[in-house]
Structures are given as C-alpha cells and as structure tokens.
Amino acid sequence: MPLHTPDNFVSSHALPTVLPGAAFVFAFSDAKLLVRGTEDAPTVPTLEETRAAGVDGVRHYLGELAGVGCIAMVLPGDASAPAGFRFSGLRPLFFRLPEPLLAIAARASQVAEWDRTHRFCGRCGTPTRNRAEERAKECPACGYVAYPRLSPAMMALVIRGRELLLARANRFPQAMYSALAGFVEPGETIEDCVRREVKEEVGIDVDDITYFASQSWSFPHSLMIAYTARYAGGELRADGTEIADVRWFPADALPDRPQSLSIARYLIDTTAARLRGD
Ligand SMILES: [Zn+2]
C-alpha cells in the first residue's frame, strides 16, 4: 500500500490546553524533521524529550495517533539539533521510520511549510495570526484568510493492449521509469490535465480516462490523483525537457520503478497485474 493516513489517526486542529509529555513532536527546521535514534532506526521525539532539550517553536495541533497527541512544531530555519537529536529530510526516513509516524510526519511537514510561508498577508503584508476555529491564518488588517496550500497533480498510466507507457524523467535516477505526471492548471479538470500533459510530454492522445486512487505527497504539498488512460493515437516522442525517454513496456517485463510507498508504484504494479491476469 502507498503511504496513507493511519486508520487510528483522528485529525484535529484545536491545540488542547494541557498536552501530555508523551505527545509526539514533529519539529521542522525548513523541510527537515527533528528525530532521535540511529540512522537505521530513527524515532520521533516526545514533548517531554523536546522540552528537556530546550526545543520549542510555533505549535500546530494535528490530532491523535492511537490516542497520543501529535504536534507540528516550526523551528527557525537555522536551528541546530541538540545533543542526541538530528535533522533529517523526509525521504531518507522512508522504510526506516514506522509507517504511521512517517504518514503523520508528512502531514506535519505540510502544516509547517504553510506556517513558514504565510507569516504575512499575501494581500497587504501585515503579520497574520492563526484562527482558533479552523486551520487558517487571517490578516488582522484586511481580513484575508489563507488555508494550507494543496497543489493537485495528475498521474496517468497509459495502456495499449497489454503494454504500459512508462517514462524516465530528467530528474529521475538513470534507470527509473514511472507513469506520467503534472500539475493541474487553473481552469482545468483533472481529465483535461491528463489529456494535455500526456500530449505535451509524449505526443499522444488518450481516452477512457479512469480514476485509480489518490495520495498526499509532501514535496512540498501535492495531492497526486492517479488515473489509467487508454492509448488513442499519435506518435510517441519524449519532449526532451521533462522526459528523457519514454517506452511501451509489456506488463510482465517492467523496468526499475519508484519505491513502494508511492502511488506511482501502486498504480503501475496494480495495473500490470490486472493486464497479466494475475
Ligand atoms: Zn492583509
């Protein structure tokens, strides 16, 4: 399964008046999370531990994971980790941090990113303040309200008979191939975006665009919405800027692809299994 909200997580934004010392603290300095433990077995510190280490910052309540409170904490960009702690990007924590904690860390990183980038009103420049009744920042001067930002993006896996269309993006490691993806533009439906991006990136037309699944992706605040689509014509060619190479792969001979916590891998493997008749 790709990374998703744990079943035993209950979301909330209202910071309780008393927080137990056992609460998890997801403290970020820029996009880096404060962790304890070894490189191979990192852990998320508790409020008691961060308090003892003198770590504190702007707090946003996230909710409860299995009954334990979870806080996103925003530290200064130049914060240094106290003894016994270190800062880590989220990607190196994949497959190391327990998955429920990784999912909450991904959520926390988006809240922290929003806090960092909405300190001032985007309309008049006045310092904003957090609203008590919802996760929002408002401007005391002009009343402008800013919510956490989400950027919808489509992912499309194009199918032709028993073959899948996979592309190697310029930003990927050499051998890795994945489904096509791109951000939704203002005015577009997701289906419009699928047709446009596929045409722009690899030159072909698609139809039978079918919803598959979605995933929150914290780099920095995407909502990936995945589809399958059927090849409907046109000649395949990589655009040369975003896409370095694109090919049809038989469903039983797939290349290296993204890691298993990503919706891309889930989309490709599930669809390939269906085409193979597994
Ligand atoms: Zn304002």
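Residues numbered from 1 in each chain as written. Predicted model: local features only at pLDDT ≥ 70, side-chain atom pairs only at ≥ 80, totals over all residues. Heavy atoms only, no water.

Let's shift gears to helix α2 (residues 99-117). Given a rise of 1.5 Å per residue, 19 residues ought to cover 27 Å, and the 27 Å separating the end C-alpha atoms of α2 matches this to within 8%. The element α2 is extensively covered by neighbouring structure, given that 15 of its 19 residues are classed as buried. (Helix = DSSP H or I, 4+ residues; strand = E, 2+ residues; numbered from the N terminus. Expected span 1.5 Å × (residues − 1). Buried < 20%, exposed > 50% of the residue type's maximum accessible area, 1.4 Å probe, protein only.)

Another point: the coordination of the zinc ion. Those donors, C121 (SG), C124 (SG), C139 (SG) and C142 (SG), are the protein atoms that reach the zinc ion, and they lie 2.3 to 2.4 Å from it. Relative to the metal, the four donor atoms surrounding the zinc ion lie at angles of 101 to 120°, and the coordination shape comes out tetrahedral. On the primary sequence, the residues serving as donors to the zinc ion are separated as C-x2-C-x14-C-x2-C. With C124 in the loop between α2 and β8 (129-130) and C139 in the loop between β9 (137-138) and β10 (145-146), this pair connects stretches of sequence that are 15 residues apart. Among the residues examined, C124 registers a relative accessible area of 40% and is labelled partly exposed. Given a relative accessible area of 3%, C139 falls into the buried group. (Donors = N, O, S within 2.8 Å, 3.2 Å for Na, K, Ca; no water. Tetrahedral: all angles 85-135°; square planar, octahedral: opposite > 155°, others 65-115°.)

Attention now moves to the pattern of salt bridges. For the coordinates displayed, the defined rule picks out 21 salt bridges. When the shortest N-O distance is used, the salt bridge between E185 and R196 registers 3.6 Å. One end of the pair, E185, is in the loop between β13 (180-183) and α3 (190-202); the other, R196, is in helix α3, and 11 residues separate them in sequence. Among the residues examined, E185 registers a relative accessible area of 41% and is labelled partly exposed. A salt bridge links E200 to R196; the nearest nitrogen and oxygen atoms lie 3.3 Å apart. Of this pair, E200 and R196 are both found in helix α3, four residues apart, which corresponds to roughly one turn of the helix. Owing to a relative accessible area of 43%, E200 belongs among the partly exposed residues under this scheme. Given a relative accessible area of 16%, R196 falls into the buried group. (Salt bridge = Lys/Arg side-chain N within 4 Å of Asp/Glu carboxyl O.)

On to the pairing of strand β12 (residues 163-169). Taken across its seven residues, β12 has six buried, putting it largely inside the fold. For strand β11 (residues 151-160) and β12, the ladder comprises three bridges, and the chain directions are antiparallel. By the bridge assignment for β12, I159 is matched with L164. Here β11 hands over to β12 after two residues, with G161 in that stretch at a positive phi of 60°. Relative to strand β16 (residues 243-250), β12 is paired through seven bridges, and the arrangement is antiparallel. (Pairing = 2+ DSSP bridges.)

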